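Coordinate analysis (summary)
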Amino acid sequence: FYAGLGEAVWTGAKDWGPVFDAAAAAVFAQNDWRALGVYPLLWEAARLDMSARLRGFIEWDMARLRAACIRPRLYEAPLRGAPQEGAPGGVPWKGVADRIDGDNGLIFHIVDYKTKANSRFKNLARLAAAGDLHQLPFYAELAGAALGPGWSFGGAHLLFLEVKEGEQRAALLSAEDWGLS
């Protein structure tokens, strides 16, 4: 979806809705009720519910990105490599980052989508420092190389697609927090 947004959408001159409608239609066409083995009416209700939840998330995320002057730079990005010191035991690191965002000042942010928030994500800095959170640190090490020279790590965000009233849509591990790990 984000890859299909032109400059006019980012500046607010054009609505992102038609891009979402086309992307959702393509995905839902590949995965219809027959493939999932549910009744057509149940599938339609689930499709409408999923679309509404995604629209709510995208509206929030677009506002957040625009306000911070940040744009998605890489999507479903395969990352492979090792930290500068070399991988322990020579084992290469690899993974697929949901999204890597960046600003014009060459600061990047790792974005990891989660369906729902849970209490495990309350203090990302503590989890990273304790060695209980591996995915985001690995991606942070590898993303700079994927983006090219000059990029610096600005933080990592878990973005929650489904939230209840009063719940936060994001959990942040800032670059300052990163120094604790």
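This text goes with the structure placed above it.
Now for a quick tour of the structure. (Residues numbered from 1 in each chain as written. Predicted model: local features only at pLDDT ≥ 70, side-chain atom pairs only at ≥ 80, totals over all residues. Heavy atoms only, no water.)

Moving on, we come to the pairing of strand E3 (residues 107-116). Here four bridges tie strand E2 (residues 93-102) to E3, and the two strands are oriented antiparallel to one another. Note on E3: the bridge partner recorded for Arg 99 is Val 111. Hairpin connection between E2 and E3: a loop of four residues separates the two successive antiparallel strands, and Leu 106 in this loop has a positive phi of roughly 65 degrees. Pairing of E3 with strand E4 (residues 152-162) involves nine bridges; the strand directions are parallel. When the sheet's bridge partners are listed, Ile 107 is paired in E4 with Ser 152. (Pairing = 2+ DSSP bridges. Helix = DSSP H or I, 4+ residues; strand = E, 2+ residues; numbered from the N terminus.)

In contact at an axis separation of 12 Å, helix H2 (residues 17-30) and helix H4 (residues 40-68) are set at 145 degrees when each is read in the N-to-C sense. Regarding H2 and H4, the two cross each other, and that crossing is right-handed. Along the contact surface, H2 presents Gly 17, Phe 20, Asp 21 and Phe 28, while H4 presents Trp 43, Arg 47, Met 50, Ser 51, Leu 54, Arg 55 and Ile 58. Of the residues assigned to the contact of H2 with H4, the class counts are six nonpolar, two polar and three charged. (Axes fitted to C-alpha atoms, helices over the stretch in contact; angles between N-to-C directions. Left-handed = near helix turned anticlockwise from the far one by under 90°. Contact = heavy atoms within 4.5 Å. Nonpolar A, V, L, I, M, F, W, Y, C, P; charged D, E, K, R; others polar.)

This paragraph deals with the layout of surface pockets. Taken as a whole, the largest pocket spans an internal volume of roughly 680 Å³. As for the largest pocket, its lining consists of 24 residues, and the residues nearest its centre are Phe 1, Phe 20, Val 27, Leu 54 and Leu 161. For the lining of the largest pocket, the secondary structure elements donating two or more residues are H2, H4, strand E1 (71-81), E2, E3 and E4. Residue composition of the lining of the largest pocket, by class: 16 nonpolar, two polar and six charged. Of the voids in this model, the second largest pocket is the one considered here, and its volume is about 250 Å³. Considering the residues around the second largest pocket, the lining is formed by 13 residues, among which Gln 84, Ala 140, Glu 141, Leu 142 and Gly 144 are closest to the centre. For the lining of the second largest pocket, the leading source of residues is helix H6 (residues 135-147), giving five residues. (1 Å grid on protein atoms, 1.4 Å probe; cavity = no way out; pocket = protein on both sides within 12 Å on 5 of 7 lines; lining within 4 Å. Points joined across faces, edges and corners; volume = space filled by probe spheres on them.)

The full count for this structure, using the stated rule, is 11 salt bridges. For Asp 49, the salt bridge is made with Arg 53, and the minimal N-O distance between the two is 2.9 Å. With Asp 49 and Arg 53 both in helix H4 and four residues apart, the pair spans about one turn of that helix. Overall, the relative accessible area of 38% leaves Asp 49 in the partly exposed class. In this structure Arg 53 comes out as partly exposed when scored by relative accessible area, which is 38%. A salt bridge links Arg 64 to Asp 61, with the shortest nitrogen-to-oxygen separation between them at 2.8 Å. Of this pair, Arg 64 and Asp 61 both sit in helix H4, three residues apart, roughly one helical turn. Note on Asp 61: relative accessible area 0%, which makes it buried. Through salt bridges with shared partners, a single ionic network connects Asp 49, Arg 53, Lys 116 and Glu 162. (Salt bridge = Lys/Arg side-chain N within 4 Å of Asp/Glu carboxyl O. Buried < 20%, exposed > 50% of the residue type's maximum accessible area, 1.4 Å probe, protein only.)

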